[in-house]
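As a plain string of letters, each chain reads:
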Amino acid sequence: MTLDIPLGSPTARAEIAARFERLPLSRWHVTVRLVVGVVTFFEAFDQLLIAYAMPQLRQEWQLGAGGTTAVLTVGSVGMLAGALFAGRLADRIGRVRVIALCVGLSGLSGLALAACPSPGPFMAVRFVQGLAIGGEVPVAATFISEITRSFRRGRFVLLYELVFPAGLTVGAVVAALVVPALGWRWMYVIAAVPGLLCYVVQRVVPESPRWLADHGRLEEAAAVMARIEAKVERATGRPLPPVTEPPRGDTPDAADAPGTASAPAAAAAPDTADAPGADRVPATAAELSATGLRGLFTGRYRRRTLVICALWFTGYFVNYGVTSWLPTIYGDRYGLSLSEALVCSTVTSAAGFVGCLIVALTVDGAGRRRVVSVCLGATAAVLLTLSLLGADSPARVLVWTSLAAVFFFGANICLYLYTPELFPTRMRALGSSVGGALNRLGIILGPVLVGLVYAGGAVSPVFAMLGGVALLGSVTAALFAEETANRRLEEVSP
């Protein structure tokens, strides 16, 4: 199929979007999601290895509290910088190129980490690996959102995003087996192997037609779109439904269900009448021309950027405040062996994965705003309860932190879906990366402040602090977040 409008027309981008909306889920979608998902899986695998290597690193390199905190957080500093840089780069040179570059760099860094003889070189290489991990994850989330129609977009994207907590969980399981038996260096050797995927990504995954059209490469966008449509037709064995006009009015899109222009998508959408911004105010000229960092703070995008930054920060402050210190707390405070501490931490990660699965299956019906607000609110309730009861045994800590993980993992995975929906194609990767940068700031400050509070030897104040931060995120989502479920990307973000 070719565009029904001249390639030079400004409506060509809307036509590309409309053609995506009529594509039924097919083997092509699953294949692309699988390839990008494998990349993200191993980036997650790499990200939390430091927590499981830390007990041995502290002993081998005689690290004190300050050295431990530095080694734990330097990768997160790299992730923060990588998120900001990669988002801007992906908006300029394309999503797929940046994803491939990041996974290759991460693999090479894994090999270098395995060979590091001392803390100094280790932290330098860990910073470089952080650049790659921090860059790949938000750009990959942006890409998956751009190849997905609005009907049940939440389930499709979050089933992809499940690979991230899966990577964290598998990393925990492998670390529990490998680190005590072979040492921490072998974990980084294993983590380096997926760097070879940078070649597979460039060969199998097409560039986002939405990005190509937005950059004026309309003929290329139309050609890539035509190849995608042909693959979907072959996979489904039937002709594609006709292209429908973008929806107008104030109701959620009902024209993007499989094979029909009138399926009741709105029936499955959450009630957004009371959500900020749900009145579908027409875009101003300034908003339509907004680009770059300044564009993120123009018009409606200002509030969205501030809200997203707050949610990413609070969600991951809590997440890594809990997970990065658990192995050490189990050993230092409760006297568990390395193997026992890693097993307990693995149980908490597995509980978080269950929470992510529940959110993936319910987010289209419940809505993004409600999911994030409820999950962070429940996290606050659980952690504050643990603090009040007293974290006086490893069993009690295991049970309550695992329950909290169900909720804070669920809230955080929803942000990977929600953030790209809030920004237009011309600055979608950058907006996602700014959110990712605040994610990294939370990852940095969470473990640092937990370390400062825990330095006194008491555990209950740690959970009280983390519960308070989660409560702040819950209130922010409830009062200020805008609902986006079952709406086209171009409708949400003109």
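Residues numbered from 1 in each chain as written. Predicted model: local features only at pLDDT ≥ 70, side-chain atom pairs only at ≥ 80, totals over all residues. Heavy atoms only, no water.

Novice: Honestly, the overall build of the protein in this entry has me stumped. Any pointers?
Specialist: Assigned secondary structure in the protein consists of 23 helices and zero strands. Out of the 494 residues belonging to the protein, those deemed buried represent 60%. The long-range share in the protein, meaning contacts at least 24 apart out of those at least 6 apart in sequence, stands at 82%. For the protein, the exposed surface amounts to about 17,700 Å²; the carbon and sulfur share of it is 67%. (Helix = DSSP H or I, 4+ residues; strand = E, 2+ residues; numbered from the N terminus. Buried < 20%, exposed > 50% of the residue type's maximum accessible area, 1.4 Å probe, protein only. Contact = heavy atoms within 4.5 Å. Areas by Shrake-Rupley, 256 points an atom, 1.4 Å probe, with all protein chains shown as cover.)

Novice: Explain the environment of Gly365 here, please?
Specialist: For Gly365, the location among the structural elements is in helix H18 (residues 338-366). The exposure class of Gly365 is partly exposed, given its relative accessible area of 44%. Sequence separation between Gly365 and Gly154 is 211 residues; the distance between their C-alpha atoms is 9.2 Å.

Novice: Just checking my understanding: could you explain the packing of aromatic side chains for this structure?
Specialist: How two aromatic rings sit relative to each other is given by the distance of their centres and the angle of their planes. Applying the stated criterion across every chain yields a total of twelve aromatic pairs. Ring centres 5.6 Å apart and planes at 85 degrees place the aromatic pair Phe122 and Trp184 in the edge-to-face group. Here Phe122 is found in helix H6 (residues 119-146), whereas its partner Trp184 is found in helix H9 (residues 184-192), with 62 residues between them in sequence. Each member of the pair, Phe122 together with Trp184, is buried. Members of the aromatic cluster, each reached through a chain of ring pairs, are Trp61, Phe122, Trp184 and Tyr188. Cation over ring: Arg33 sits above Phe156, and NZ or CZ is 4.3 Å from the ring centre. (Phe/Tyr/Trp six-rings, centres within 6.5 Å; stacked < 30°, edge-to-face > 60°. Lys NZ or Arg CZ within 6 Å of the ring centre and 35° of its normal.)

Novice: Before we go on, may I ask you to explain the packing of helix H17 (residues 326-334) against helix H20 (residues 394-421) in this structure?
Specialist: For any two helices packed against each other, one specifies the crossing angle of their axes together with the interaxial distance. Where H17 meets H20, the axes come as close as 11 Å, and the angle between the chain directions of the two elements is 160 degrees. The orientation of H17 relative to H20 falls into the category roughly antiparallel. For the crossing formed where H17 meets H20, the hand is right-handed. Of H20, the residues touching H17 (which contributes Leu326, Tyr330 and Tyr334) are Pro394, Val397, Leu398 and Thr401. (Axes fitted to C-alpha atoms, helices over the stretch in contact; angles between N-to-C directions. Parallel < 35°, antiparallel > 145°, perpendicular 65-115°, else oblique. Left-handed = near helix turned anticlockwise from the far one by under 90°.)

Novice: Sorry if this is basic, but what is going on with the layout of surface pockets here?
Specialist: In this approach a probe as big as a water molecule rolls over the atoms, and the regions it shows empty are the leftover space. Size it by volume and the second largest pocket reaches roughly 210 Å³. Together, 14 residues line the second largest pocket, and Leu25, Arg149, Phe151, Arg152 and Phe156 are the ones closest to its centre. Elements with a contribution of two residues or more to the lining of the second largest pocket: helix H2 (27-47) and helix H7 (153-161). Ranked by the residues each element gives to the lining of the second largest pocket, the list is headed by H7, at four residues. (1 Å grid on protein atoms, 1.4 Å probe; cavity = no way out; pocket = protein on both sides within 12 Å on 5 of 7 lines; lining within 4 Å. Points joined across faces, edges and corners; volume = space filled by probe spheres on them.)

Novice: Where do I start with helix H12 (residues 218-236) in this structure?
Specialist: Helical geometry note: an α-helix holds 3.6 residues per turn, so side chains three or four residues apart project in the same direction. Relative to the 27 Å expected for 19 residues at 1.5 Å per residue, H12 spans 26 Å between its end C-alpha atoms, a close match to the ideal helical length. Buried within H12 we find Leu218, Ala221, Ala222, Val224, Met225, Ile228, Glu229 and Val232. The arc that holds every buried residue of H12, seen down its axis, measures 165 degrees, which confines them to one face. Exposed and facing more than 90 degrees away from the buried side of H12 are Glu219 and Arg234. In the segment just after H12, Gly237 is the residue with positive phi, at about 75 degrees. (Expected span 1.5 Å × (residues − 1). Arc of directions from axis to C-beta.)

Novice: Just checking my understanding: could you explain the state of the cysteines for this structure?
Specialist: What is meant by a disulfide is a covalent connection between two cysteines, made through their sulfur atoms. Inspection of every chain in the model, using the stated rule, returns zero disulfides. With no disulfide of its own, Cys375 has Cys414 as its nearest cysteine by sulfur position, at a separation of 7.7 Å. The class of Cys375 is buried, set by a relative accessible area of 10%. Cys414 sits in the buried class, given a relative accessible area of 0%. (Disulfide = S-S within 2.5 Å.)

Novice: How do you make sense of the pattern of salt bridges when you look at a structure like this?
Specialist: Evaluated as defined, the whole model comprises 17 salt bridges. In this structure, Arg185 engages Glu60 in a salt bridge whose closest nitrogen and oxygen atoms are separated by 3.1 Å. Here Arg185, found in helix H9, pairs with Glu60, found in helix H3 (residues 49-60); they are 125 residues apart in sequence, far enough to count as distant. Classification of Arg185 as partly exposed rests on a relative accessible area of 26%. One continuous salt-bridge network, built from bridges that share partners, spans Asp91, Arg95, Glu146 and Arg428. (Salt bridge = Lys/Arg side-chain N within 4 Å of Asp/Glu carboxyl O.)

Novice: What is the right way to read a nonpolar patch on the surface from this model?
Specialist: Side chains of Leu441, Leu445, Leu449 and Leu452 sit close together on the surface and give an oily, nonpolar patch of about 310 Å² of accessible area. Here Leu445 shows up in helix H21 (residues 428-454). Under the relative-accessibility criterion, Leu445 is labelled partly exposed at 32%. (Patch = residues over 30% accessible without salt bridge, like charges linked within 9 Å, V, L, I, M, F, W, Y side chains within 5 Å.)

Novice: Explanation requested: the nonpolar core in the structure shown.
Specialist: One broad trend across soluble globular proteins is that nonpolar side chains are buried collectively. Residues Leu57, Phe122 and Phe143 are the most contacted members of the largest nonpolar core, which totals 138 residues. The element that contributes the greatest number of residues to this core is H20, accounting for twelve residues. Here this core gathers at least three residues from each of two domains, domain 1 (8-240) and domain 2 (295-493). With residues up to four places along the chain from it excluded, the contact list for Leu57 reads Ile50, Gln62, Leu63, Val71, Phe122 and Trp184. (Core = buried A, V, L, I, M, F, W, Y, C linked by side-chain atoms within 4.5 Å. Domains from an automatic or database assignment.)

Novice: Which parts of the structure should I look at to understand the confidence of the model for the protein?
Specialist: Regions with low pLDDT carry predicted coordinates that are not meant to be interpreted in detail. On average, residues of the protein carry a pLDDT of 82, and 90% of them reach 70 or more. Ranking the helices and strands of the protein by mean pLDDT puts helix H19 (residues 368-389) first, with 95, and helix H13 (residues 265-268) last, with 40. Scored below 50 in pLDDT, residues 248-269 shows 48 contacts in the model against residues more than four places distant or in partner chains. Under a pLDDT of 50 for its full length, residues 271-275 has, in the predicted model, seven contacts with residues more than four places off or in other chains. (pLDDT = per-residue confidence, 0-100.)

Novice: Help me understand the packing of H6 against H20, please; the structure alone is not making it clear to me.
Specialist: Where H6 contacts H20, the axes come no closer than 9 Å and their chain directions differ by 65 degrees. Here H6 lies roughly perpendicular to H20, going by the angle between them. Regarding H6 and H20, the two cross each other, and that crossing is right-handed. Seen from H6, the contacting residues are Val137, Ala141, Thr142 and Ser145; seen from H20, they are Tyr416, Leu417 and Pro420. Among the residues forming the contact of H6 with H20, the class breakdown is five nonpolar, two polar and no charged. (Nonpolar A, V, L, I, M, F, W, Y, C, P; charged D, E, K, R; others polar.)

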